[in-house]
Structure formats: C-alpha cells, structure tokens
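# Observations on the model geometry
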Amino acid sequence: MGELTDGAPFDPFPDTGMFSAGASAVVASAWAALDAEVAGTRAAEPARVAAAAADRAARAAEREAARQVSMTVPDDVAAVLAAAREVVDAVTPAGAPGAVAPALLARVRGLQQLANVVDTALAHAVRAAENAQAAEFDGQRTMRSWMSGHLGVSPATAARVVRAGRTLEQLPQWDTAASEGRITADQTAVVARVATPARLARAGELGVQVHGDDGLDATLTACASGSQREALPAVVERTLDWIDPDGPEPDPTRRRELHLSRATDGTGGSAHGRWDAVGFEKLMTALTAYQQAGRTKDDDRSHAQQMADALVQLCDNALAAATTPVLRGNRAHVAVTIAAEDLLDTDEVAGSARLGSGQQVSNTTARQIACDSLITRVLLGPDGMPLNIGRSQRLVPPHIRRAAEARDGGCVFAGCAAPSWWCDAHHVDEWIADHGETSVENTALLCERHHTKVHHGYAVRWDPDEGRWRTFRDDGTEIITGYPPDEPASAST
C-alpha cells in the first residue's frame, strides 16, 4: 500500500496501477478541500456560539421590554403603595402592657380603616374594568377569571370583589361610608344579597324608598357603621323576606350550587354549596352510608373528617366503576405527572408530582396512586417531546396528546387555569394554512375560549430559553401575569 516517509505527504491512494496519476491528484484535491472545510467550520464555531448567545440576550431583552401599561403602577397608586410600605416597616411601640395596649389597638384600628379604603378603591377599579370589558384585553371573559389567573387570588375572593363593585354602584351612601373606611368588605358582602338591581327595583315597586336620607341605603349604612353592627345580617334577611315573601322559585333545583376552589398554595382545595331539600337529602343519605360503613372502633376522626372521607370514597367508587362520562375520548381518571427519578426516589420529594388540576403532591403520594394505575412513559427532550408523525394525520393522536398533557398540565394561555380535560389540542402552526406538523412540539393545550381567541388574532409561542409558553395579544404585545417588580415604574394615569 506504500510507505509513509518522514517529510513526505501521505498518499492514501498511491499510484499502483489501480489509479492513474490524474485520478490520484483529484482525490488528493478532494481531501484538501474537505480539510479546508473542517478547518473553516472550526474557525467559525466561536462566532456561532457568540451569535447564539447574542440571540438569547436579545430575546431576554425583548421579554424585559414587554412590560405593558397594564403592568405599570399609576402615579397616585405608586405614591400610596410607597407610603404603605413604610407603614409595614414601622416599628411597633414597646413598653408596659398597660401603656402599649392602647397604642397597639389604635394602630390596628387605623390599619383596618386603611384596608377598608383600599378594598373600596379596588372594588371601584374592578367595576370600572368590568364595565369596560377590560378582561378581554388579556383574553379573559370576566374580571373574576382575570383576577384569579393574573393576581393569584382565589376565585371566591375575586367573585367577592366583583360583587362589591356592583353593590357600591347601587348604594351611593354605603359607597361613601366604605370610601371613608367605616365599612368593611365583609359587611359589603352581606349587603350584596339585597343590593341587586332586580331586588332594589322590586323594593321600589312595593313603595320602599331606596335612596335619600330615609331610604334603604341610609338605613343599611347606619346599621353597618353604628353601634349595632351585628344586627346587619338580620336587617338584610328581613328585607329580603319582605321583598320576596314567596320564597324560592317554583323549581327548587335552581337553587343548587357547588363551588370548588383550589388552594392558592397548590396543596388542595375547599368546597361550599347549597341544595334544595330533596337534593340535600340525597347527598346526606349517600355520604352518611359511606361515613357509617367506614367507622372503626378506634376511629378518632371528627364527624367533618369522616364526611369528607366519605365523599372521596364515593368519588373513588364512581371512577373505578367506569360509569362516569367520557372526557376527550378517555374515561375520567386521576392523572399524575412526575419525573421518573422522583418516582423511584426512596426519599420523599415534596411537590414533585402534578395532578391534572394543577395541584402539587409528593412522590410518596404519586407512588400510592401508581399502585392501582396505568403508567405511561413519556420522554421529554430539552425543548419538548420528540414524537412526530409529520403531516400524515391532522387529528392529534392519543399518545401525542398525553405527551402534551404531561408537558403543559392544562390550558397554556396566560392567566388560565383550565385543567387538561377541558382543553383542545391546538396546532401552533396550522395544519392547513401553515403546513404545520402533527407533533408534540407543534401542539399546545387550549381551553375552548382561548382556542377561539388564538384563532382570532391571539398567539401562543414556546420559549425554549424559559421552557414555557408565552401568550401574545393580536397587536403583538405579550400578556404578562403577576405584579410589577419591587421598584415599580410610575406612569401617568
């Protein structure tokens, strides 16, 4: 095959009769060109890395510059907020109990009055936003859903603020007292039951003077801010009985309500509701049966705990019996998403698993659920799931949907907490118009409302740097949730 001599270039194809001298020269030229290409690629690598870093920095700067007017605190609010922070940082007085107690009580009284004023201002602002349909600017239907998704308050708290704004609009004298801090948000919630436009109109039809110095507004205000504040619920109840003496509507089932609220810390939730007599009897009978059957000799649970366990057991039986309605092509089931290393970790890892509703549980709880479950293995790459079936199929198949559910957990639209079983599988690049593929990378979970929004101007895009979805309005500006930085930039209102 030839010899390699010192100082002589190595000829991989020496002229041995198999190649002519011309062919050997061509091959040598090709090798030289390949060597030059490799050298050029290596030389360009630092520039490519620098360009990628600059691109990431530009995207980071773009995200920082995306703070919208809705995230900028107005001048007047910023000034009050700064003063309020000084109040929080103020040192409480010290000394003997007899001397300190009056000062501490006066401080509590003043701060509560300040909180009442702020609650009233918030209710006014929420009502103004509701009248202007401002929540639509960020793709939400109501201010209740906007506050819950963007500000982190519970749905129950958001609903109370919305009702307060409507109530203050109906009762001017009550509004004045609340604006002065003499009425609390809890008292406004009590009066909200009677201060609806329909009920106030009915009171007027019955000859009741609603406004004026001797009207219902003044009476309720005097009761709430006077020396007998505890009588307010009874006054409201008597007013309701007088306005509507016939009681509930002919169909008693219309009174049924059940509110389920996720805890803000993601560790559970609460429920409250009401039923008509027959509906309540059915619920009580079913739960009592499970509660009595589940009691043991040394049971130290309270009755409330036993009834809560009975409700969970009733749900367990319904899910196991496969009699529940089918959701998104699958039988209703409890879904848990957890990393494989956390599932196999013998030490407890708090909050390592995510339930379908967004709640966080430990790997210990996930293993408990996995004892009687089907386990689907999903491989996630650094930028998403590598599953891809190209353009051979438009509808997202079950295995790609499961991968999207594992990644997204629910609706990816900013500020929305809809669970995965409410969501459609959306092609980010449309299958027809954009020739988008049916793949995990091109699939985003969106609830029905926000799926419609995205098809009418809004957009969701995957951010590989932050590993999350970002949402944009139809004008290209980004929807950002949460609060401004610690040092809010002021802007004129």
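Predicted model only: the values in this text are computed from it and were never measured.

## So, the packing of aromatic side chains
- Throughout the structure, instances matching the rule amount to two aromatic pairs.
- When the ring of W462 is compared with that of W469, the centres are 5.3 Å apart and the planes differ by 75°; the resulting orientation is edge-to-face.
- W462 sits in the partly exposed class, given a relative accessible area of 25%.
- Here W469 falls in the buried class, since its relative accessible area comes to 9%.
- Positioned above the aromatic ring of W462 is the side chain of R407, whose terminal nitrogen or guanidinium carbon lies 5.5 Å from the ring centre.
- The cationic tip of R461 hangs over the ring face of F472; the distance from NZ or CZ to the ring centre is 4.2 Å.

## Quick notes on helix 4 (residues 143-151)
- Of all the residues in helix 4, the buried ones are M143, W146, M147 and H150. Within helix 4, the buried residues cover an arc of 95° as seen down the axis, which keeps them to one side.
- G152 occupies a position one or two residues after helix 4 and carries a positive phi of about 80°.

## Notes on the environment of D276
- Summarising the element assignment, D276 is placed in the loop between strand 3 (269-274) and helix 11 (277-293).
- With a relative accessible area of 7%, D276 lands in the buried category.
- Along the backbone, D276 and D251 are 25 residues apart, and their C-alpha atoms lie at a distance of 9.4 Å.
- Once you skip the residues sitting within four places of it in the chain, D276 turns out to touch P252, T253 and R256.
- For D276, the side chain forms a polar contact with the main-chain nitrogen of V278, separated by 3.3 Å.

## As for helix 12 (residues 303-320)
- Between the first and last C-alpha of helix 12 there are 26 Å, a value that for 18 residues agrees with the 26 Å anticipated at 1.5 Å per step.
- Within helix 12, burial applies to Q306, M307 and A310. Here the buried residues of helix 12 occupy an arc of 95° about the axis, which is enough to place them on one side. Of the exposed residues in helix 12, the ones pointing more than 90 degrees away from its buried face are A304 and A320.

## Observations regarding the packing of helix 9 (residues 216-225) against helix 10 (residues 232-243)
- Axis separation between helix 9 and helix 10 bottoms out at 9 Å; the angle between their running directions is 155°. By the criterion of interaxial angle, the relationship of helix 9 to helix 10 is roughly antiparallel. Of the residues in helix 10, those in contact with L216, L220, C223 and A224 of helix 9 are L232, V235, V236 and T239.
- When grouped by side-chain class, the residues that make up the contact of helix 9 with helix 10 number seven nonpolar, one polar and no charged.

## Some details on unusual backbone geometry
- In the Ramachandran plot, Q133 falls in the positive-phi region, its phi being about 55° despite a non-glycine side chain.
- As for its placement among the helices and strands, Q133 is situated in the loop between helix 3 (97-131) and helix 4.
- With a relative accessible area of 59%, Q133 lands in the exposed category.

## Overview of the environment of H451
- The residue H451 is located in helix 16 (residues 448-454) in this model.
- Along the sequence, H451 and H426 sit 25 residues apart, while their C-alpha atoms lie 7.1 Å from each other.
- Residues in contact with H451, not counting those within four places in the same chain, are D424, H426 and L446.

## Brief notes about the sheet that holds strand 11 (residues 459-463)
- Taken in spatial order, the three strands of this open sheet run 11-12-13, and their pairing is antiparallel. Two strands lie at the open edges of the sheet, namely strand 11 and strand 13 (478-479), each paired on one side alone.
- Relative to strand 13, strand 12 (residues 468-472) runs antiparallel, the two being bridged by two bridges. Looking at the pairing, T471 lines up with I479 of strand 13.

## Brief notes about the pairing of strand 10 (residues 443-447)
- Counting buried residues in strand 10 gives five out of five residues, a clear majority hidden from the surface.
- Of the two faces of strand 10, the one holding T443, L445 and C447 and the one holding A444 and L446 are both buried throughout.

## Quick word on the packing of helix 4 against helix 5 (residues 155-170)
- Here helix 4 crosses helix 5 at 135°, and the two axes come no closer than 8 Å. In this view, helix 4 runs oblique relative to helix 5, as classed from their interaxial angle. The two elements helix 4 and helix 5 cross, and the hand of that crossing is right-handed. In contact with M143, R144, M147 and S148 of helix 4, helix 5 contributes P155, A158, A159, V161 and V162.
- Classifying every residue of the contact of helix 4 with helix 5 gives seven nonpolar, one polar and one charged.

## So, empty space enclosed by the protein
- The final tally for this structure, using the stated rule, is one cavity of 30 Å³ or more.
- Taken as a whole, the largest cavity encloses approximately 30 Å³ of empty space.
- As for the largest cavity, its lining consists of R160, R163, A164, A185, T188, A189 and A192.
- Secondary-structure elements contributing two or more residues to the lining of the largest cavity are helix 5 and helix 7 (185-191).
- Of the residues contributing to the lining of the largest cavity, the split by class is four nonpolar, one polar and two charged.

## Quick look at the pattern of salt bridges
- This structure, assessed with the given rule, holds 19 salt bridges.
- For the salt bridge of E169 with R127, the shortest nitrogen-to-oxygen distance reads 2.8 Å. Pair noted here: E169 is in helix 5 and R127 is in helix 3, with a separation of 42 residues, a long-range link.
- Note that R468 and E466 form a salt bridge whose closest N and O atoms lie 2.5 Å from each other.
- Residue classification places E466 among the partly exposed positions, given a relative accessible area of 38%.
- Residues joined by salt bridges that share partners form a network here, namely R127, E130, R166 and E169.

## Looking at the sheet that holds strand 6 (residues 336-338)
- Pairing is antiparallel across the open sheet formed by three strands, whose spatial order is 6-7-8. Whereas interior strands pair on both sides, the edge strands pair on one side only; in this sheet they are strand 6 and strand 8 (360-361).
- For strand 6 and strand 7 (residues 353-355), the ladder comprises three bridges, and the chain directions are antiparallel. Its bridge partner lying in strand 7, V336 is registered against L355.

What counts and what doesn't
- Residues numbered from 1 in each chain as written.
- Predicted model: local features only at pLDDT ≥ 70, side-chain atom pairs only at ≥ 80, totals over all residues.
- Heavy atoms only, no water.
- Phe/Tyr/Trp six-rings, centres within 6.5 Å; stacked < 30°, edge-to-face > 60°.
- Buried < 20%, exposed > 50% of the residue type's maximum accessible area, 1.4 Å probe, protein only.
- Lys NZ or Arg CZ within 6 Å of the ring centre and 35° of its normal.
- Helix = DSSP H or I, 4+ residues; strand = E, 2+ residues; numbered from the N terminus.
- Arc of directions from axis to C-beta.
- Contact = heavy atoms within 4.5 Å.
- Polar contact = N/O pair within 3.5 Å; in protein donor to acceptor, adjacent residues only side chain to side chain.
- Expected span 1.5 Å × (residues − 1).
- Axes fitted to C-alpha atoms, helices over the stretch in contact; angles between N-to-C directions.
- Parallel < 35°, antiparallel > 145°, perpendicular 65-115°, else oblique.
- Nonpolar A, V, L, I, M, F, W, Y, C, P; charged D, E, K, R; others polar.
- Pairing = 2+ DSSP bridges.
- Left-handed = near helix turned anticlockwise from the far one by under 90°.
- 1 Å grid on protein atoms, 1.4 Å probe; cavity = no way out; pocket = protein on both sides within 12 Å on 5 of 7 lines; lining within 4 Å.
- Points joined across faces, edges and corners; volume = space filled by probe spheres on them.
- Salt bridge = Lys/Arg side-chain N within 4 Å of Asp/Glu carboxyl O.

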